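The lines below spell out each chain.
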Amino acid sequence: MTPPRPARRPPLDADAGAVGQRIRALRAERGISLSTLARAAGVGKATLSALENGTRNPTLETLYAITAQLGVPLAAVLAGPAATPTVRGATVVATLLESFTDTDASYELYRLRVRPGGEQVSPAHRPGVTEHVTVFAGMLRAGPLDAPLTAAAGGHLRWTSDVPHGYAALGEEEVAASLLLRYPRS
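Residues numbered from 1 in each chain as written. Predicted model: local features only at pLDDT ≥ 70, side-chain atom pairs only at ≥ 80, totals over all residues. Heavy atoms only, no water.

If you check an unreviewed UniProt entry, the protein chain appears there as Helix-turn-helix domain-containing protein from Micromonospora antibiotica.

Draft legend 1. A look at the nonpolar core. In terms of nonpolar packing, the biggest core is built from 43 residues, with Tyr 110 and Val 133 touching the most fellow members. If one sorts the elements of this core by residue count, helix 4 (residues 60–70) sits on top with six residues. Setting aside chain neighbours within four positions, we find Val 133 in contact with Leu 140, Gly 155, His 156, Leu 157, Trp 159, Tyr 167, Ala 177, Ser 178 and Leu 179. (Core = buried A, V, L, I, M, F, W, Y, C linked by side-chain atoms within 4.5 Å. Buried < 20%, exposed > 50% of the residue type's maximum accessible area, 1.4 Å probe, protein only. Helix = DSSP H or I, 4+ residues; strand = E, 2+ residues; numbered from the N terminus. Contact = heavy atoms within 4.5 Å.)

Draft legend 2. A look at helix 2 (residues 34–41). All buried positions along helix 2 are accounted for by Leu 34, Leu 37, Ala 38 and Ala 41. Seen from one end, helix 2 has its buried residues packed into an arc of 100°, which puts them on one side. Each element contacted by the buried residues of helix 2 is listed here: helix 1 (16–29), helix 3 (45–52) and helix 4. Once helix 2 finishes, Gly 42 follows within two positions and takes phi at roughly 75°, a positive value. (Arc of directions from axis to C-beta.)

Draft legend 3. Geometry of the confidence of the model for the protein chain. Of all residues in the protein chain, 89% attain a pLDDT of 70 or more, and the chain-wide mean is 86. Of all the helices and strands in the protein chain, helix 5 (residues 75–78) carries the lowest mean pLDDT, 78, while strand 6 (residues 139–144) carries the highest, 98. Across residues 2–9, where pLDDT falls below 50, the model places one contact with residues more than four positions away in sequence or in other chains. (pLDDT = per-residue confidence, 0-100.)

Draft legend 4. Expanded view of the sheet that holds strand 4 (residues 120–122). Pairing is antiparallel in the open sheet, where four strands are placed in the order 4-9-6-7. Looking at strand neighbours, the two that pair on one side only are strand 4 and strand 7 (149–152), the edges of this open sheet. The mean angle between the axes of side-by-side strands here comes to 20°, regardless of whether they run parallel or antiparallel. Bridge count for strand 6 against strand 9 (residues 165–170) is six bridges, and the pairing is antiparallel. Paired with Met 139 across the bridge in strand 9 is Leu 170. (Pairing = 2+ DSSP bridges. Axes fitted to C-alpha atoms, helices over the stretch in contact; angles between N-to-C directions.)

Draft legend 5. Structural detail: the pairing of strand 5 (residues 130–137). Judged from the five bridges that link them, strand 5 and strand 8 (residues 156–160) form a sheet pairing that is antiparallel. Across the sheet, the residue bridging to Glu 131 is Trp 159, located in strand 8. Pairing of strand 5 with strand 10 (residues 175–184), which is carried by seven bridges, proceeds in the antiparallel orientation. Paired with His 132 across the bridge in strand 10 is Leu 180.

Draft legend 6. Representation of empty space enclosed by the protein within the structure. Within this structure, the stated rule accounts for one cavity of 30 Å³ or more. Put simply, the largest cavity is a space of about 60 Å³. Every residue lining the largest cavity is listed: Leu 60, Tyr 64, Val 92, Ala 94, Leu 112, Gln 120, Ser 122, Tyr 167 and Leu 179. Residue assignment for the lining of the largest cavity shows that the elements contributing at least two residues are helix 4, strand 2 (92–101) and strand 4. (1 Å grid on protein atoms, 1.4 Å probe; cavity = no way out; pocket = protein on both sides within 12 Å on 5 of 7 lines; lining within 4 Å. Points joined across faces, edges and corners; volume = space filled by probe spheres on them.)

Shown next, in the form of structure tokens:
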């Protein structure tokens, strides 16, 4: 007898319907059609429609692609009643811990887990966005795809993320880290 497979966790631990409503509202505020946003973000029109209607659970990759085209931080679609929304990608699990704003920028603070054996690629953010990663366990390669950086436990990485960038655990150990994204005010 074959043992049952463990249940697969959804890519988003937040209310998919609320996330979809936020995406639709941001798209409408900008006067962007569903087709235009889907094409610009590189996702299918049916996929975007299902996300906006709350019938599809988005991955980290999809949310980053959409929010990059809308010109908003990821937290803009995750913020809501969920205390700590978690999003899963191909390799990265990111839990939003806090988002905050000061006079010249807004920030998102995440707890990251990077599983070994793959690479998470994120699309470019808007110009001037920076990422700051502190590694607590494991060895991380992260940063621009054409010039990645490496840090072990206790190390810190920083890069301007207005270019495609990636995250990968080096070795067999899962990486535990924090990620601070800084979005300058336009």
